[in-house]
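# Fold and contact review
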Amino acid sequence: MLSVRTNQAVPLSIAQVTDMHIFANQTQRLLGMETQRSLWEAIERIRIKSELDLLLLTGNISGDGSYASYETVNNLITPLKIPTYWLVGDCDRDRIMEDCLNTGMFSQRKVFERGGWHFILLNSCVVGSSYGFLSAQTLDWLEQHLIQATPKPTLIALHHPPFPIGSDWLDTSCLQNSEEFLAVLDRHHHVKLVLFGHIHQEYHRHRQGVDYLGTPSTCVQFQPQSSTFKLDHRFPGFRLLQLYPDGTWKTQVERIPVFRDSNIAIAHR
């Protein structure tokens with residue numbers, strides 16, 4: 001468990017769930033894993049954590065961009081009765097998400113405040129590409145909202161890792177304009193956390209007072225620091241965080257004992 005905590009105030013409790021890769025065909029597998037089953041197991045684990053205040057879905061909610069896949073996610077998560085916010089991943093279709101994930105407990109808001117914290121959700125996706133990029137317009141929008149948030153502790157979420165993570169094949173699809181993004185954050189010292197997905201593994205880096213946290217997928221895992229594509233043996237997972245009003249926090253990754261079918265041949269471009 002990572003912890004940066006200095007007080008005993010009641011925290012805001014959230015779960016980050018990412019890279020679910022749900023398909024229209026509910027029994028379809030991704031690299032040997034039935035993704036709907038693994039997501040269901042994650043949701044069952046979340047269900048017993050009644051203290052959760054909100055969910056963050058950080059992209060690649062769908063594996064095929066179909067309306068049916070988002071309906072499935074809606075049907076699985078809505079019974080939790082937890083406010084749920086989402087952002088787009090490179091496998092997602094934002095227009096379809098807007099149609100399907102916009103009622104009940106789901107919110108399309110990308111800027112909001114809860115528990116003394118300011119949240120900003122960014123779209124780092126480039127249509128037709130697996131890598132990430134933040135346009136000049138998005139960076140300006142981010143800067144303005146960070147100015148408005150001062151001095152509240154701020155959490156930023158995006159799908160892509162904002163810098164290389166030491167895995168050659170994955171690093172080709174990280175955020176392509178990291179320097180511009182980090183330059184914005186360096187001007188705003190109330191930014192405390194940046195959450196991301198995409199890499200299907202746990203990751204942590206501390207830089208200039210900000211902690212950058214990558215979170216495991218609810219389905220297959222990628223081996224850390226691999227030069228070429230390779231699956232990891234670790235179980236699927238999600239991240240729990242507790243955010244305190246003074247900007248301190250703690251976090252841990254929860255793993256779910258779901259196995260992939262290792263007999264299925266793997267092909268990866």
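Everything in this summary refers to the structure shown in the same document.

The rules we used
- Residues numbered from 1 in each chain as written.
- Predicted model: local features only at pLDDT ≥ 70, side-chain atom pairs only at ≥ 80, totals over all residues.
- Heavy atoms only, no water.
- Axes fitted to C-alpha atoms, helices over the stretch in contact; angles between N-to-C directions.
- Helix = DSSP H or I, 4+ residues; strand = E, 2+ residues; numbered from the N terminus.
- Parallel < 35°, antiparallel > 145°, perpendicular 65-115°, else oblique.
- Left-handed = near helix turned anticlockwise from the far one by under 90°.
- Contact = heavy atoms within 4.5 Å.
- Pairing = 2+ DSSP bridges.
- Expected span 1.5 Å × (residues − 1).
- Buried < 20%, exposed > 50% of the residue type's maximum accessible area, 1.4 Å probe, protein only.
- Right-handed = clockwise from strand over helix to strand, strands pointing away.

## Considerations on the packing of helix H4 (residues 136-149) against helix H6 (residues 178-186)
Packing of H4 against H6 brings their axes to within 10 Å, and their N-to-C directions diverge by 15 degrees. Taken together, the axes of H4 and H6 lie roughly parallel to each other. In this structure, H4 meets H6 at a crossing whose hand is right-handed. On the side of H4, the interface is formed by Leu139, Leu142, Glu143 and Leu146, while H6 contributes Glu180, Phe181, Val184 and Leu185.

## Topic: the sheet that holds strand E9 (residues 117-121)
Reading across from one edge, E8-E9-E10-E11-E13-E12 is the order of the six strands in this open sheet, with mixed pairing throughout. Where the open sheet ends on each side, the last strands, each with one partner, are strand E8 (111-114) and strand E12 (203-207). Pairs of neighbouring strands in the sheet enclose a mean axial angle of 20 degrees, with direction left out of account. Where E12 and strand E13 (residues 210-214) come together, five bridges link them in antiparallel fashion. Note that in E13 the partner of Arg205 across the bridge is Tyr212.

## Quick look at the environment of Lys192
With respect to the helices and strands, the residue Lys192 is situated in strand E11 (residues 191-196). The sequence separation of Lys192 and Cys100 amounts to 92 residues, and the corresponding C-alpha distance is 31 Å. The residues touching Lys192, leaving out its near neighbours within four places in the chain, are Trp117, Pro153, Thr154, Gly209, Val210, Asp211 and Gly247.

## Let's talk about H4
Under the 1.5 Å per step criterion, the end-to-end length of H4 is 20 Å for 14 residues, consistent within 8% with the ideal 20 Å. For H4, the full list of buried residues reads Leu139, Leu142, Glu143, His145, Leu146 and Ala149. Elements in contact with the buried residues of H4: E8, E9, strand E10 (154-157), H6 and E11.

## Some details on the pairing of strand E6 (residues 84-87)
Across the two faces of E6 the burial is the same, with Thr84 and Trp86 and Tyr85 and Leu87 all buried. Two strands pair when backbone bridges link them, and strand E5 (residues 54-58) and E6 are joined in this way by four bridges, in the parallel orientation. Across the sheet, residue Leu56 finds its bridge partner in E6, namely Tyr85. At this point the chain moves from E5, through helix H2 (residues 67-77), to the parallel E6, and the crossover so formed is right-handed. Both E6 and strand E7 (residues 106-107) contribute to a ladder of two bridges, which runs parallel. Bridge assignment links Thr84 to a residue of E7, and that residue is Phe106.

## Focus: the environment of Val210
As for its position among the elements, Val210 is in strand E13. Note on Val210: relative accessible area 4%, which makes it buried. Distance in space between the C-alpha atoms of Val210 and Ile165 is 16 Å, their sequence separation being 45 residues. Apart from the residues within four sequence positions on either side, Val210 is in contact with Val191, Lys192, Leu193, Val194 and Arg205.

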